[in-house]
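The chain contents come next:
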Amino acid sequence: MLENLNIIDDFISLIYPKICVSCKETLLKHEIYLCEKCRENLPRPKFHINIEESNIRKILYGRIPVFGSAAYYLFHKKTGVQNILHHIKYKKGKDLAQTIGSWMGYELSTCEWIKDVEGVVPIPLHPKKQLERGYNQSEEYSKGISNETKIPIINVLKKDIYTTTQTKKKRFERWENVKDNFVVSENVSQYNHLMLVDDVLTTGATFEAAYNTLVKSGYKGKISIVVIAMATHLI
Ligand SMILES: [Zn+2]
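Given the structure is predicted, the values throughout are model-derived calculations rather than measurements.

What counts, and at which threshold
Here the residue numbers are simple positions, counted from 1 along each chain's written sequence. Reporting in this predicted model follows two pLDDT cut-offs: at least 70 for local features of residues, and 80 or more for side-chain atom pairs to be given and counted; totals over whole chains, interfaces and linings ignore these cut-offs and use all residues. Numbered from the N terminus, helices here are DSSP runs of H or I no shorter than four residues, and strands are runs of E no shorter than two. Placing a C-beta atom from the backbone of each residue, one calls two residues in contact when those atoms lie within 7 Å. With C-beta atoms placed from the backbone, a residue is buried if 20 or more other C-beta atoms are within 10 Å of its own, exposed if 12 or fewer are, and partly exposed between those counts. In these notes, a nonpolar core means any group of buried Ala, Val, Leu, Ile, Met, Phe, Trp, Tyr and Cys residues linked to one another through C-beta atoms within 7 Å. Each domain's extent is set by a domain assignment, obtained either automatically or from a database. A pair of strands counts as paired when DSSP detects no fewer than two bridges linking them. Angles shown run from 0 to 180 degrees and are taken between the N-to-C directions of axes, each axis being a line fitted to C-alpha atoms and, for helices, limited to the stretch in contact. Each residue carries a pLDDT score, the predictor's confidence in it, ranging from 0 to 100.

**Q** Honestly, the environment of Ser 146 in this entry has me stumped. Any pointers?
**A** One can find Ser 146 in helix α7 (residues 137–149). It is 10.0 Å that separates the C-alpha atoms of Ser 146 and Met 104, two residues lying 42 residues apart in sequence. Among all residues touching Ser 146, those that are not within four sequence positions of it are Val 120, Ile 151, Pro 152 and Ile 153.

**Q** Help me out: how do you make sense of unusual backbone geometry in this one?
**A** Most peptide bonds take the trans configuration, and most residues that are not glycine carry a negative phi. Residue Lys 78 is not a glycine yet carries a positive backbone phi of 60°. Judged by local crowding, Lys 78 falls into the exposed class, with 7 C-beta atoms found within 10 Å. Of note, the phi angle at Lys 150 is positive, near 65°, even though the residue is not glycine.

**Q** Explain the nonpolar core here, please?
**A** What tends to happen in soluble globular proteins is that the nonpolar side chains get buried as a cluster. Core analysis: the biggest nonpolar cluster contains 59 residues, and Ala 71, Leu 196, Val 197, Ala 210, Val 227, Ile 228 and Ala 229 have the highest contact counts within it. Shared between two domains, this core takes at least three residues from each, and those domains are domain 1 (1–41) and domain 2 (42–234). Excluding anything up to four places from it in sequence, Leu 196 contacts Val 121, Ile 123, Phe 207, Ala 210, Ile 223 and Ile 225.

**Q** Any chance you could explain the sheet that holds strand β2 (residues 119–122) here in plain terms?
**A** Pairing between sheet strands relies on hydrogen bonds along the backbone, with the strands arranged either parallel or antiparallel. Read from one edge of the open sheet, 4 strands run β1-β6-β5-β2, paired in parallel fashion. The strands lining the two open edges of the sheet, one partner per strand, are β1 (66–75) and β2. Geometrically, the sheet is characterised by an average inter-axis angle of 20° between neighbouring strands, direction not taken into account. One ladder, built from 7 bridges, connects β1 with strand β6 (residues 222–231); its direction is parallel. Residue pairing across strands places Leu 74 opposite Met 230, the latter belonging to β6. Sheet strands in contact with helix α5 (residues 94–108) are β1 and β6, and its direction is about 135° off that of β1. Packing of α7 onto the sheet brings it into contact with β2, β5 (193–201) and β6, and relative to β5 it is tilted by some 130°.

**Q** Help me understand the confidence of the model for the chain in this model?
**A** Detailed reading of the predicted coordinates is not advisable wherever pLDDT falls low. Counting all residues, the mean pLDDT for the chain is 86, and 83% of those residues have values of 70 or more. Put simply, helix α8 (residues 171–178) is where the chain has its lowest mean pLDDT, 52, and β2 is where it has its highest, 98.

Now the structure itself:
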């Protein structure tokens, strides 16, 4: 029976070969989403191990007192990582976001700074946008992290009003666009260490708005930040 299923599986792969999301080469049978080569060679920062060296911390300096932080990938335009991000955002890449989340979670489990994190907080999408896409990529990434680290997801942030896509706007406009767009859905003063999770870090305006909302709502604890990818020019 199992053998038959394997034959069917092989046959399907022959007609629709699975390809690497990043380099578009045909995947081998044991590979999921990414080929071995991309798994090993895509640019990755490693500062999550030593929080003092964190570039995320430097970028957000003076805006958010970042405790721990991590980015799984580094990206710039027209690279394999850009293909991954595009897949996650526009092509039903829900499972891929979860898979990368579990890879990140596996590495985070060994970090000292994560030990007292009480909740993984995905940056929310507006419900309208989530309905269009069918999922929130930050939440899927968070699920993978949560599965590996055993830290629960706490959906304390909600999006307030509809915002248009941010990618083509300048920094100031972006800030204006996201400002005050979050609300909290429960008493946040009970927490001492929350980890905000988003898909990408570009200017940090989204995190800043989220953090300010938490603080305004009485949050006094530590903040850590985790993303799937951050722009190479920020390094
Ligand atoms: Zn590849």
